[in-house]
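# Close look at the chain arrangement
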Amino acid sequence: MTKNNKVIWQYPWGYIESFLIAISLVVLGFSLDFVSETKMSVIHWPTNLYIGVAVIILLLLLHSFFKEKKIIKWLSNVKTSISAISIYAFLVLLMGLIPQGSPKASGFIHEIALTNIVHSYAFLFAQTYLLVVLGMVILRKGITLKPKDIAFFLNHFGLWLTLFAASLGAGDLQRVSLTVNKSDAVYSGINQKGKVIPDLGIAIKLIDFKIDEYSPKAFIVDNKSGDILNKSLFYLEKGNKAEIMNWQFDVTEYFNYAVNTGGKFYSVLDYGAPPAAYVVARNMKNNIVKKGWLSCGSFRYKGDFLELSDETILVMAEPEPKKYSSHIKVYTESGKIISDTVFVNKPISANGWKIYQIDYDQEKGRWSEISVLELVKDPWIKVVYFGIFLMMLGAIYMFWVGNKKKIL
Amino acid sequence: MNIFNFNNIAFTSIVLWIIAMLFILFDKKIKKAILIGNILTIIGTLLIIVFLSIMWIEIERPPFRTLGETRIWYAVFLPIVGILTFNNWKYKWFLFYSLFLAILFLIINILNPENFDKTLMPALQSPWFVPHVIVYMVSYAFLGVSSLVSAWGIYLLKFKTFKTELLDKADNLVYIGFSFLTLGLLFGALWAKEAWGHYWTWDPKETWALLTWFAYLLYIHFRYRHKKKIVIALWILALAFIILLICWVGINYLAVASNSVHTYGS
């Protein structure tokens, strides 16, 4: 009941009706998730295209023939929009509070899909509600050439297209991980569900794996507990000096590849050779001097540390990677050979796949003989990017509107 | 970095800002107080900018990796937003609030000295890194100042002295903040495609960023429809800022954050 004694479900519908519908959709969704044993099936090409076209035609028809009907008017009301934004945001909030996709998940919250909301009926319904309302809002507003209306279109249609294409295309997204080596070309991989994809249509061979590392850090460690005691950082580079916790450190020698022979490290570029540093440490309180070699060791060689006192030792941490990349050769079915280098943040494209640098043999580090790549195919990406581009233009206009009163 | 030691710079800026606020507070008794206040605020802010530039060169990577580093950036952007809004709208407390927050951030950093780690993991080494983070920080600075309207408005409502035009100012700030928020979110999506293979993976930070975006979207739509419903609008604005804070800092304390790819250097 509202102030003017409107009975619920009497037109025009307001917040009460909109929120009741939105909440019912989500409750119905979670109920379906609870009763259905199997997971919601994902739609693929070309079914998703048909559904997409059908939805667009349906929205256009509703708008063209029934726009004066009260229920269609209700769909493009701001109050309805607010209910759609709220219910969608509510599900996003649940996703932000309940850890998603955990393999250990069980119990009631797992059974009603609260641990996998993206793939729940509740989310599907909430998103459909949002897309239908947003679609009807756009159609009712129409397209005019007034700057304000263009901006409205950019913001609303941009969001609609992004959400629409991203959700319809989700089933066509392929992500396959494969481990490449220097001896054979690999043409099969494992997708996100752990299924083996026997033939990717391309084969990849590793030519060279390269890794650049930062200088290793040194840490003062408690002998018994293994805790790191120093707060300020100290890099092991030749000539570096540092004052930490009453100790003065002086790195007098540093080798990037070193091998221990008779207690002394020599610079040797041997397979698996770790870095080593010679450190002179002087205690500023009692002037005791300790010196010796530090090395983090490797899968092949033992490391070394410096004893500072009965309770503390100085150790070298394993160097952290600065950059890593794989020089690969990609063989396509048409006989084309692509030779290129993949870096983190710099994928390459080949035969419809985007190839990403993901990982390497962590234990062997810079001596890794393999490289883990990910191949991604997303046929809908261009539509999504177009939506994102429209939204960006809309955001720029919005900045201009907000700034009309000359804040900047 | 001897004279340009963080504590020296931060302390100098804090003192300059406090003097600036005193000048502006007593502008009726002192000649040219507003001008002097403005100049002192700007000098204090420039000092932090110089410090950040030197730090950027010294650590050989963009200084955006840790919360401590971003706090210094807020100590730049907040005074800028404060001085712009103060000079346009003549509300002293916009400036006071921004400077107060900036001072608070600097004090937190003085109390928690950070060792500026030179390492930057390969996933963060991208041309998207700087625009993504800067756009977000500008957005947060504007939305942060808009949150003042909500807090102060809720307080004023008790005494029935709230003026509606104040919420119009908040709308301006939200529009600017929201446009940057949208760009930050979308830059993040484009970067994620290059770095992780997909533009959206429902990582906890992404989820909360989207939620923040929806909260302000809700505020904008509510204001558009109900210009007169001040109380609800103020509460939505306050709630939106709380969500923003959870997204920015609170997320590290949530159970979901354990598998986030956004938790760097903590």
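Keep in mind that this is a model prediction, so the values were computed, not measured.

## Here's the deal with the overall build of chain A
The secondary structure content of chain A amounts to 8 helices and 18 strands. If one aligns the C-alpha atoms of chain A with their principal axes, the spans along those axes are about 90 × 60 × 55 Å. Evaluated residue by residue, chain A yields a buried proportion of 32% over its 408 residues. Look at the contacts in chain A between residues 6 or more apart in sequence, and 57% of them connect residues 24 or more apart.

## A look at the overall build of chain B
Counting secondary structure elements, chain B contains 8 helices and 0 strands. The secondary structure elements of chain B, listed N-terminal to C-terminal, are α-α-α-α-α-α-α-α. Taken over C-alpha atoms, the radius of gyration comes to 19 Å for chain B, in line with the 18 Å a tight globule of 266 residues would show. Considering only C-alpha atoms, chain B reaches an extent of 55 × 50 × 30 Å along its principal axes. The burial tally for chain B puts 46% of its 266 residues in the buried class.

## Let's talk about the sheet that holds strand 2 (residues 189-191) of chain A
Residues and elements named next belong to chain A. Reading across from one edge, 3-2-1-18-17-16 is the order of the 6 strands in this open sheet, with antiparallel pairing throughout. Here the strands that pair on one side only, and so sit at the sheet edges, are strand 3 (196-197) and strand 16 (348-350). Relative to strand 18 (residues 370-377), strand 17 (residues 353-360) runs antiparallel, the two being bridged by 6 bridges. Pairing of Y356 across the sheet is with E374, part of strand 18.

## Examining the interface of chain B and chain A
Residue-level contacts link 42 residues of chain B with 48 residues of chain A. Taken together, the elements giving at least two residues each to the side of chain B that touches chain A come down to helix 3 (67-89), helix 6 (164-196) and helix 7 (204-225) of chain B. At 13 residues, the largest contribution of residues to the side of chain B that touches chain A is made by helix 7 of chain B.

## Remarks on the domain arrangement of chain A
Residues and elements named next belong to chain A. Domain annotation of chain A identifies domain 1 (1-142), domain 2 (143-169 + 388-408), domain 3 (174-212 + 322-377) and domain 4 (215-319). Between the C-alpha centres of domain 1 and domain 2 the distance comes to 22 Å. Contact residues are listed per partner, giving 11 residues for domain 1 and 14 residues for domain 2. In terms of residue class, the side of domain 1 that touches domain 2 is built from 5 nonpolar, 5 polar and 1 charged.

## Looking at helix 2 (residues 33-58) of chain B
All names here are of chain B. Under the 1.5 Å per step criterion, the end-to-end length of helix 2 is 38 Å for 26 residues, consistent within 8% with the ideal 38 Å. Every buried residue belonging to helix 2 is among G37, L40, T41, G44, T45, I48 and F51, and all of these are buried. At its buried positions, helix 2 is contacted by helix 1 (6-25), helix 3 and helix 4 (92-111). In the stretch just after helix 2, E60 is the one whose phi turns positive, near 60°.

## What about the sheet that holds strand 12 (residues 306-307) of chain A?
Ordered in space as 5-13-12 (chain A), the 3 strands form an open sheet in which the pairing is antiparallel. Edge strands, defined here as strands with exactly one partner in the open sheet, are strand 5 (218-222) and strand 12 of chain A.

## Notes on unusual backbone geometry
All names here are of chain A. Put simply, Y11 and P12 share a cis peptide bond, and its omega is -5°. Examined against the element boundaries, P12 turns out to sit in the segment before helix 1 (15-35). Of note, the amide linkage connecting W45 to P46 takes the cis form, showing an omega dihedral of 0°. By the element assignment, P46 lies in the loop between helix 1 and helix 2 (47-66). Not every positive phi belongs to a glycine, and A113 is a case in point at roughly 70°.

## Examining the pairing of strand 14 (residues 321-332) of chain A
Residue and element names in this part refer to chain A. Strand direction decides the pairing type here: strand 4 (residues 202-213) and strand 14, joined by 11 bridges, are antiparallel. Bridging from a neighbouring strand, L206 pairs with I328 of strand 14. In terms of strand pairing, strand 14 meets strand 15 (residues 337-343) through 7 bridges, oriented antiparallel. Paired with H327 across the two strands is T341, which belongs to strand 15.

## A few points about the environment of A:A281
All names here are of chain A. By the secondary structure assignment, A281 is in strand 10 (residues 276-283). On a C-alpha basis, the gap between A281 and Q248 in space is 5.5 Å, while along the polypeptide they are 33 residues apart. Contacts of A281, omitting those with residues within four sequence positions, involve W247, Q248, F249, K290, K291, L306, L308 and L314.

Calculation notes
- Residues numbered from 1 in each chain as written.
- Chains lettered and ligands numbered in written order.
- Predicted model: local features only at pLDDT ≥ 70, side-chain atom pairs only at ≥ 80, totals over all residues.
- Helix = DSSP H or I, 4+ residues; strand = E, 2+ residues; numbered from the N terminus.
- Buried ≥ 20, exposed ≤ 12 C-beta atoms within 10 Å, placed from the backbone.
- Contact = placed C-beta atoms within 7 Å.
- Rg over C-alpha atoms; globule rule 2.2 N^0.38 Å.
- Pairing = 2+ DSSP bridges.
- Domains from an automatic or database assignment.
- Nonpolar A, V, L, I, M, F, W, Y, C, P; charged D, E, K, R; others polar.
- Expected span 1.5 Å × (residues − 1).

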